[in-house]
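Chain residues, written in single-letter form:
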Amino acid sequence: MMQSVIQRSLIFRSKQLQETNSLTFYLLRPLLKKQHVIIILILFCTGIFARQSKKDSLLLHLHKPGNDTAKIQILHRLYLLSDSVSYANRALQLATQINYKAGQAQALLDIGRSYYFAGKVDISLNNLIKSVKLAEEIKDKTVLKGAYRYIGFIYRPHEPYKAKEYYEKSLQMCNETGDELGASYALSAIGNIYEGIYDNNRENNKKALDYYLRSLRIREIKGSASELAASLNETSRMYDAVGFFSEALNLRLKGLQIAEKTGDIENIVFLCNVLGNNYTLKKEYKTALTYQLRAFELGQKKGNNFEVLYDVAKAIGVCYNALGDFKLANNYFLFCAACNDSLKEKAKRYDYNLSGIKQGLEKEVGEQKLLLKDLEVAKHKAEVDKQTTLRNAFLIGFAIVFILILLLFRGYKQKQKVNKQLDRKNNLIEQANKTLAISENKFKQITETINDVFYLYNIVQKKYEYISPNCTAVLGIDQDYFYNGKSTKAIVHKDDLQLVMDANVKVDNGIAYDIEYRIYFGDTIKWIAEKSSAIFDEAGKLVRNSGICRDVTERKKSEEALRKHDQDMMDGILYAKTIQDAILVPKEKIAERFKEFFIFSIPKEIVSGDFYFYKETKNGVFIAAADCTGHGVPAGFMSMLGNAFLDEIISDTKLITPARVLDQLKELIINTLHQNKSDSESKDGMDIALLYFENNNRYIQYAGAFNPLYLLRNGALQEYEADPFPIGIDVNNSNTPFTNNSIELNEGDIVYIFSDGFADQIGGAPAYRQGRQGRKFSK
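Summarised in this report is the structure supplied together with it. Keep in mind the model is a prediction, meaning the values are calculated, not measured.

Some thoughts on empty space enclosed by the protein
Summed over the entire model, instances satisfying the criterion amount to three cavities of 30 Å³ or more. Of the pockets and cavities examined, the second largest cavity occupies roughly 50 Å³. Taken together, Ile 72, Gln 73, His 76, Ala 91, Ala 102, Gly 103, Gln 106, Ala 107 and Asp 110 form the lining of the second largest cavity. At the level of elements, helix H3 (68-82) and helix H5 (101-117) are the ones that each hand at least two residues to the lining of the second largest cavity. In terms of residue count, H5 provides more of the lining of the second largest cavity than any other element does, five residues in total. Residues of the lining of the second largest cavity, tallied by class, amount to four nonpolar, four polar and one charged.

Some details on the sheet that holds strand E7 (residues 542-551)
Spatial ordering of the open sheet is given by E4-E3-E7-E6-E5, a layout of five strands whose pairing is antiparallel. Since the sheet does not close on itself, it has two edges, and those belong to strand E4 (463-467) and strand E5 (513-521), each with one partner. With direction set aside, neighbouring strand axes in the sheet form an average angle of 30 degrees. Lying on the sheet, helix H22 (residues 553-583) is in contact with E5, strand E6 (524-536) and E7; it crosses E6 at an angle near 115 degrees.

A closer look at the environment of His 631
Mapped onto the elements, His 631 comes out in the loop between strand E10 (620-628) and helix H24 (632-652). With relative accessibility at 36%, the residue His 631 sits in the partly exposed group.

Some remarks on the pairing of E5
The side chains of a regular strand alternate between the sheet's two faces. Two strands pair when backbone bridges link them, and E5 and E6 are joined in this way by nine bridges, in the antiparallel orientation. Within E6, the position partnered with Phe 521 by the bridge is Thr 524. Remark: two residues form the turn of the hairpin made by E5 and E6, two consecutive strands paired antiparallel; Gly 522 in that turn has positive phi of roughly 65 degrees.

Here's the deal with the sheet that holds E10
Pairing is antiparallel across the open sheet formed by five strands, whose spatial order is E9-E10-E11-E12-E15. With one partner strand each, in any of the chains shown, strand E9 (610-616) and strand E15 (741-744) form the two edges of the open sheet. Each strand of the sheet is rotated relative to its neighbour by a mean of 15 degrees, with strand direction disregarded. Looking at chain direction, strand E11 (residues 686-694) and strand E12 (residues 699-705) are connected through five bridges and run antiparallel. The residue bridging Leu 691 from the neighbouring strand is Tyr 702, located in E12. Across the face of the sheet, H24 comes into contact with E9, E10 and E11 while running at roughly 15 degrees to E9. Each of E10, E11 and E12 touches helix H25 (residues 658-672); the most contacted strand, E11, lies at about 145 degrees to it.

Description of the pattern of salt bridges
Taken as a whole and judged by the stated rule, the model has 28 salt bridges. For Asp 110, the salt bridge is made with Arg 113, and the minimal N-O distance between the two is 2.9 Å. Taken together, the positions of Asp 110 and Arg 113, both in helix H5 and three residues apart, correspond to about one turn of that helix. On the accessibility criterion, Arg 113 (10% relative accessible area) is buried. The residue Lys 526 makes a salt bridge to Asp 551 at a minimum N-O spacing of 3.4 Å. With Lys 526 in strand E6 and Asp 551 in strand E7, the pair connects residues that are 25 residues apart, well separated along the chain. Classification of Asp 551 by relative accessible area gives partly exposed; the value is 36%.

Parameters at a glance
Residues numbered from 1 in each chain as written. Predicted model: local features only at pLDDT ≥ 70, side-chain atom pairs only at ≥ 80, totals over all residues. Heavy atoms only, no water. 1 Å grid on protein atoms, 1.4 Å probe; cavity = no way out; pocket = protein on both sides within 12 Å on 5 of 7 lines; lining within 4 Å. Points joined across faces, edges and corners; volume = space filled by probe spheres on them. Helix = DSSP H or I, 4+ residues; strand = E, 2+ residues; numbered from the N terminus. Nonpolar A, V, L, I, M, F, W, Y, C, P; charged D, E, K, R; others polar. Pairing = 2+ DSSP bridges. Axes fitted to C-alpha atoms, helices over the stretch in contact; angles between N-to-C directions. Contact = heavy atoms within 4.5 Å. Buried < 20%, exposed > 50% of the residue type's maximum accessible area, 1.4 Å probe, protein only. Salt bridge = Lys/Arg side-chain N within 4 Å of Asp/Glu carboxyl O.

Function cannot be inferred from these measures alone, as they are strictly geometric.
Here you go:
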């Protein structure tokens, strides 16, 4: 039963595993003397142990005397487990007392983060700025990338430009520390800035799209389903903004598939609604109805989001109305009214206004009738006065002629004024043309004196309007070649020709490109870097593209030399892995002692810092699970050193306890690495759990440095705590001996020892929405 629980836990967490450095060693002890003992060594936490148990264990360590630096780390972990700012405040107070700047910076970040989610942004900002100042002083990039991001969150509503600066700093820290998932959040945040403060600007919308695409590419590899769905949503929104509607539609369909796989009802309803609106705009009402009806059905089952149901129902009503089914359309419109009391109030106001308009029309009709009657009276009066009018006609005619003469004279004067204005404008245009000609000459002089090749291509007329004359030196082709309607495709290397053709298709569709390709330059091969951007007229029509070509042959040669150097280094590391694997006890050797076992290893890098140890003695078997400082080659050296020292200590001593082995191992590490010198900078060491299995099968002995032991007996879990100091030098240079634990075994007992590979995994987007982003998986 316990094994099946572990397997289900692993399957559930597998989708959120990032880079990990984990190793699993599983041993099944044969049945001996009426006792069936099962030993499981797991070098990662599977998540099956209660969070409260971990908190209680940390609190127990917290109340032990000594080692203030370790207590600060414990308080930080308690803050992550509980979201209680009190632990962060205690950590800050303790770190300040001992002048531990790394602890102060982390505690200030935790306090700032807590007040940010509590809505007290002024207090939050004050603590975050203090954290940044300390972290920059000690170059703590892990703290900086978090502090920069939260400061960006605070500035974003009112000072987006400043927020963008902090997001870019966070992105730089993520890149320098190799935190790709953190980089995806920074990229997404910068994209939000470009989308928000530069709304409806095509060029900046393209910039936002570029950041969203970079974030999406990371989350497609490392992100959770919810993170990927969020990226697909914002990227599709930006595709709409720049006019790539089909790409936006495809991303939303992909997002819907992900939401369906994860059972995310909220995202399914949202995406079905958006997809339905997309098809409604395309007048594909039947397809739109398919998505909107599904959104409505799921939204009703959820039953708590009346605003969404209102939008979906209104969209369904519009579709049915367009298809001519007015009865169904009316039903959904009525549903909208039921969902939204404000809609009912709006309907009342509409009826009132309609009544007022009707009264106004009736009043206007009455006034028109009165006016008609007055006209009839006026007509009769006009007949009576006809003779009088004829007598006055001559005088009126004379007055009209006089007025016409005045008007003609005024028009003549105005014409003279307009002509003078036209002359001034023509002079200004002529002067502007002269200035433009001078500017063009200066531009040509610039392009003709630098090494790069500039060009301007008319997409409508399919011809080059300008190309700088140094094209002969860079490309091996003169200007006339291009002015005669030919292109560089004739000299492009055959393996790169498709790349160039695809780039031309992009720019013909208004998309900029940045490519590198090879060309034939006489008997040699050159590398060319080309950038091109589309040019639109005032109406938004694509008319030209401009570009620049640069000879990057020397750079490519340097890159190839660097690649070969990197390959040589990689070959060396792979050989180091072969050596590291060779010193571990083979599985066949272990199988001689135990019936069933397995070894599971996923190094973060090729050479691992985690290792298992197996050593048979005359009286029993030593088994260890160790986690060395760091990753990669340095940690690999430490693992080989630790393996060799363990073998030496156990071989030289006939009877020795696990605690005594760890005491001697710590002494060897400190002396070998010269950590006992005052000027030593080496802080390397390891965490370890060491288990001794006696041949009589009645007892096991255990000792640990930070890595505990768990015993599962009859469904109850017992924890044997490790000592809270490492193998190697610690902050307080403690000489406290390790604790030895002797445990009597019963039939069916299961024993676990493990490293922190799984416990150190970082949480995903669901935690981000709850204000818990950046949290470790923990136990």
